[in-house]
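# Per-entry structural report
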Amino acid sequence: MDTETMVRTFVEYVEERGHRRISGSTLLPPPGDPVLFTTSGMHPLTPHLEGRPHPLGRRLVNVQRCLRTTDLEEVGDATHLTVFEMLGTWSLGDYEGPRSLDWGYRLLTEGLGVDPGMLYATVYAGDDRTGPDTASLEVWQELGVPVELTVEDNWWSNGPVGPCGPDSEIFLWSGDTPPRSTPTRDDRWVEVWNHVMMRHRRLENGSLVPLPQRNVDTGLGLERLASLLQGKSSVFECDVFDPWRRIVPALWPLDEPSLRLAYDHLRSAVVVLGDGVRPGNTGRGYVLRRLLRRVLTVLWRDDPSRSLGDLPDELVSHTLHHCRQTGDPREVRRVLLEEERRFHHLLIRGRHLLARPRFQGPLSDEDFRYLHDTHGLPRELVTSLREE
Ligand code: SER
């Protein structure tokens, strides 16, 4: 099953159960929101989880692109991407967790063809503030799915304050032996779908108060699910990356970790550009700049003549099309090339500056400040130039 069919199966299944599809899915959070990018499907819905009525009603579904820079160092492993898509469902004060889990199980097994024997669930064990999530535990026991109870791993929040709650996570076995052990003891159990019983709000002082309504917020990582259903051993091998895997290794013969970084960061950069962000020295623009500089650093490590201009239009347009973005692929490529030129000049200037006697010994904070403020050289770039 390709990812498009998975999305359609998912959306149709929950639409048949009264959910309405939200149309927007930009990475940019609404104005006034302090975070740089949408990091999960629930993010744009925060006010509605806190009680504000949603124009589409109490049951919602969405395919939300998300960006997580917290996972940047993990990119390249089998399951983490910088930009990924999350299929999400919400009950805004409507049905409760057990129904969500029951539908989730049926959608995975009957709708998407997952072998029930390949599933494991985790459930919140409770602590001194909130009791165990016995309702979720009972659902899994009735369905015959093995369950592990945890405390920290089964509490979801988007930050230190705001809506939060116990969750129940569904794991799929990715190993090539029959399933064994449990999700916390064997990382061949891959988390695919998280159902959060979003009914508390954490205050500044750390205490929990009930939200005005009892919600359910679920998120299923599309590329993870796709790689497992397609029998692949990493997200980079699912069909979303088909054109990247076909084209990039032929252009640039890199080792596998570098290829994965290039696929991830370039694809993420295209999606970020497609949502209207442009490279800059602060905020969202700087995240984009860092992604591109990390790729260029890898590309130029063994061949400084490599260029983002080598990338065919097809890769850019495939990515924009997949994310239903309307940006012009030529404009995206123009920005990529301009950013590459800028980085190239910065590297030349940086090497030249760092050759000065003043910068031969250990650098002080003042040196770093001077290099950054006067010459536009970020600390991490200075550090990597000095390691050359
Ligand atoms: N908010 C939860 C998550 O990101 C479920 O959508 O995992």
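Whatever comes next refers back to the structure up there.
So, a few notes on the structure that sits alongside this text. (Residues numbered from 1 in each chain as written. Predicted model: local features only at pLDDT ≥ 70, side-chain atom pairs only at ≥ 80, totals over all residues. Heavy atoms only, no water.)

### What to know about helix α10 (residues 329-354)
Applicable threshold: Numbering of helices and strands starts at the N terminus; helices are DSSP runs of H or I of at least 4 residues and strands are runs of E of at least 2. Each helix should span, by expectation, one fewer than its residue count multiplied by 1.5 Å. A simple rule labels every residue: compare its accessible area, found with a 1.4 Å probe on the protein chains alone, to the largest value its type can have, and call it buried under 20%, exposed over 50%, or partly exposed in between.
Its 26 residues place the ends of α10 37 Å apart at the C-alpha level, agreeing with the 38 Å of an ideal helix rising 1.5 Å per residue. Those residues of α10 lying buried are Val332, Val335, Leu336, Glu339, Glu340, Phe343, Leu346, Leu347, Gly350, Leu353 and Leu354.

### So, the site of the ligand
Cut-off, in case you're wondering: Residues are counted as near a molecule or strand when any one of their heavy atoms sits within 4 Å of it. In protein, a polar contact requires one atom able to donate a hydrogen and another able to accept it; more generally it is a pair of N or O atoms within 3.5 Å, and residues adjacent in sequence count only if both atoms are side-chain atoms. Only the protein chains shown count as cover for residues, and all accessible areas are computed by the Shrake-Rupley method using a 1.4 Å probe. Polarity classes work like this: nonpolar for Ala, Val, Leu, Ile, Met, Phe, Trp, Tyr, Cys and Pro, charged for Asp, Glu, Lys and Arg, and polar for all others, with Gly in that last group.
The local shell around the ligand consists of Ser40, Met42, Arg68, Met86, Trp156, Asn194, Val196, Asp217, Thr218 and Gly219. The separation between an oxygen atom of the ligand and a polar side-chain atom of Trp156 is 3.4 Å. One of the backbone nitrogen or oxygen atoms of Gly219 is found 3.2 Å away from an oxygen atom of the ligand. Against a free-state accessible area of 230 Å², the protein chains account for coverage of 96% of the ligand. Element by element, the count of residues in the shell around the ligand is highest for strand β11 (residues 216-221), at three residues. Of the residues in the shell around the ligand, the class split is four nonpolar, four polar and two charged.

### Points about the packing of helix α7 (residues 256-274) against helix α8 (residues 283-302)
We count it as follows: Between N-to-C directions, angles cover 0 to 180 degrees, with each direction set by a line fitted to C-alpha atoms, over the stretch in contact for helices. Less than a right angle of anticlockwise turn of the near helix away from the far helix marks a crossing as left-handed, whereas a clockwise turn marks it as right-handed. In this analysis, two residues are considered to be in contact whenever any of their non-hydrogen atoms come within 4.5 Å of each other.
Here α7 crosses α8 at 150°, and the two axes come no closer than 9 Å. Seen along the crossing, α7 lies across α8 with a hand that is left-handed. Across from Ser258, Leu261, Ala262, His265, Leu266, Ser268, Ala269, Val272 and Leu273 in α7, the residues of α8 making contact are Leu288, Leu291, Leu292, Arg294, Val295, Val298 and Arg301. Tallied by class, residues from the contact of α7 with α8 come to eleven nonpolar, three polar and two charged.

### Observations regarding the nonpolar core
One recurring pattern in soluble globular proteins: nonpolar side chains tend to sit buried together. Heads up, the rule is: Take the buried residues of types Ala, Val, Leu, Ile, Met, Phe, Trp, Tyr and Cys, join any two whose side-chain atoms come within 4.5 Å, and each joined set is a nonpolar core.
Grouped together as the largest cluster of nonpolar side chains are 96 residues, with contacts concentrated most on Leu108, Trp140 and Leu266. With ten residues, the single largest contributor to this core is α7. The contacts of Leu266, once residues within four sequence positions are left out, are Trp244, Trp252, Leu261, Leu292, Val295, Leu308 and Leu311. Core analysis: the second largest hydrophobic core is formed by eleven residues, Ile22, Met42, Trp90 and Met198 among them.

### Section: the pattern of salt bridges
Stated formally: We define a salt bridge as a side-chain nitrogen of Lys or Arg found within 4 Å of a carboxyl oxygen belonging to Asp or Glu.
All chains considered together, the criterion is met by 22 salt bridges. The salt bridge partner of Glu85 is Arg324, with a shortest N-O separation of 3.4 Å. In this pair, Glu85 sits in strand β3 (residues 83-91) while Arg324 sits in the loop between α9 (313-322) and α10, placing the two residues 239 residues apart along the sequence. Given the relative accessible area of 2%, Glu85 is considered buried. Classification of Arg324 as partly exposed rests on a relative accessible area of 43%. With a closest N to O distance of 2.7 Å, Glu96 and Arg214 form a salt bridge. Of this pair, Glu96 sits in the loop between β3 and α3 (97-111) while Arg214 sits in the loop between β10 (208-210) and β11, and the two are 118 residues apart along the sequence. Overlapping salt bridges, with partners in common, bring together Arg278, Glu331, Arg334 and Glu338 in one network.

### Considerations on α3
For α3, built from 15 residues, the straight-helix expectation of 21 Å at 1.5 Å per residue is met to within 8% by its first-to-last C-alpha distance of 20 Å. Of the positions making up α3, those classed as buried are Gly97, Ser100, Leu101, Trp103, Gly104, Tyr105, Leu107, Leu108 and Thr109. Where α3 ends, the next residue or the one after it, Gly113, has phi of about 80°, a positive value.

### Topic: unusual backbone geometry
You will see that Ser181, though not glycine, has its phi angle at about 60°, which is positive. Relative to the helices and strands, Ser181 is located in the loop between β7 (162-173) and β8 (189-196). For Arg324, which is not glycine, the phi dihedral falls at a positive 55°.

### Quick notes on the environment of Pro163
Note that Pro163 resides in strand β7. Spatially, the C-alpha atom of Pro163 lies 5.6 Å from that of His200, the residues being 37 residues apart in sequence. Apart from residues lying up to four places away in sequence, Pro163 is in contact with Thr46, Glu50, Ser157, Asn158, Met198, His200, Arg201 and Leu211.

### What about the side chain of His200?
If you trace the backbone, His200 turns up in strand β9 (residues 200-202). Owing to a relative accessible area of 15%, His200 belongs among the buried residues under this scheme. Those residues within four positions of His200 in sequence are excluded, and the remaining contacts are Thr130, Trp155, Gly162, Pro163, Cys164, Gly165, Pro166, Leu208, Val209, Pro210 and Leu211.

### Re the packing of aromatic side chains
As a reminder of what qualifies: Here the aromatic set is Phe, Tyr and Trp, taking the six-membered ring for Trp, and pairing holds for ring centres within 6.5 Å; pairs whose planes are under 30 degrees apart are stacked, those over 60 apart are edge-to-face, and all others are tilted. When the NZ atom of lysine or the CZ atom of arginine is within 6 Å of a ring's centre and also within 35 degrees of its normal, the charge is said to sit over that ring.
All chains considered together, the criterion is met by ten aromatic pairs. Note on Tyr124 and Trp155: the rings are 5.3 Å apart at their centroids and 50° apart in plane angle, and the pair reads as tilted. Taken together, the positions of Tyr124 in strand β4 (residues 119-124) and Trp155 in strand β6 (residues 155-157) put the pair 31 residues apart, joining distant regions of the chain. Of the residues examined, Tyr124 reaches a relative accessible area of 2% and is grouped as buried. Residues Phe236 and Tyr263 carry aromatic rings whose centres are separated by 6.4 Å and whose planes lie at 40° to one another, so their mutual orientation is tilted. Taken together, the residues span a long stretch of sequence, with Phe236 in the loop between α5 (222-229) and α6 (242-251) and Tyr263 in helix α7 at a distance of 27 residues. Three or more aromatic residues joined by ring pairs form one cluster here, namely Tyr120, Trp173 and Trp189. Sitting over the face of the ring of Tyr13, Arg17 holds its NZ or CZ atom 3.6 Å from the ring centroid.

Fair warning: the whole summary comes from geometry, so function is off the table for now.
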